[in-house]
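# Close look at the chain arrangement
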Amino acid sequence: MSLALAPLDANVELEANLPCRKFDPDLWFSDSPTELELAKSLCGDCPLRVECLAGAVERAEPWGVWGGEIFERGAVVPRKRPRGRPRKEDVARDAALRVEAEARLAASGLATSRTTVRLAA
């Protein structure tokens, strides 16, 4: 490999392997719930997932997928709902997913209580 093509440092090589750098960036900011779920799943193996999520929580990111979680209006939401009135089973599923999102945030050390990270209702 020539020196002109060699990475300047390890960070350049690491960034090239991040899912948000490999795939279309619009995927992480889509309006489609299906595409956002795909972006969340791609974040699962990312080596910077925890740092990404911590930064997004600190900045209260207004929207998008950060660290494998969906942000909407500065809050972590379990899933993006399509427009319109939610079905009853969707409301129940959202409650269960909200508990799971809180547990994952707590397990990663990012939240110790609901006052630390605001989860959307």
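Every chain is numbered independently, its residues counted from 1 as its sequence is written. Reporting of local features is limited, given that this is a predicted model, to residues whose pLDDT is at least 70; pairs of side-chain atoms are given and counted only at 80 or more, and all residues count toward the totals for whole chains, interfaces and linings. Values shown for side chains rest on all heavy atoms present in the structure; no hydrogens or waters enter the calculation.

Selection rule: UniProt positions are given in the numbering used here, feature names are shortened, and annotations may be inferred rather than shown by experiment.
The protein chain goes by Transcriptional regulator WhiB in an unreviewed UniProt entry, where it is assigned to Micromonospora echinospora. Quoted verbatim from the Sequence similarities (unreviewed entry) field of the UniProt record, the comment on the protein chain reads "Belongs to the WhiB family." Per UniProt, the comment on the protein chain under Subcellular location (unreviewed entry) is "Cytoplasm".

### Here's the deal with the sheet that holds strand β1 (residues 63-66)
In plain terms, the rule: Whether two strands pair comes down to DSSP finding at least two bridges between them. Runs of H or I in DSSP of at least four residues are treated as helices and runs of E of at least two as strands, each being numbered from the N terminus. Orientation is described by axes fitted as lines to C-alpha atoms, over the contacting stretch for helices, and by angles from 0 to 180 degrees between their N-to-C directions.
On the basis of which strands lie adjacent, the open sheet formed by three strands has the order β1-β2-β3 and antiparallel pairing. Across the chains shown, the open sheet's two edge strands, defined by having one partner strand only, are β1 and β3 (75-77). For this sheet, the mean inter-axis angle between neighbouring strands, taken without regard to orientation, is 35°. In terms of strand pairing, β1 meets strand β2 (residues 69-72) through four bridges, oriented antiparallel. The residue of β2 that forms the bridge with tryptophan 63 is glutamate 72.

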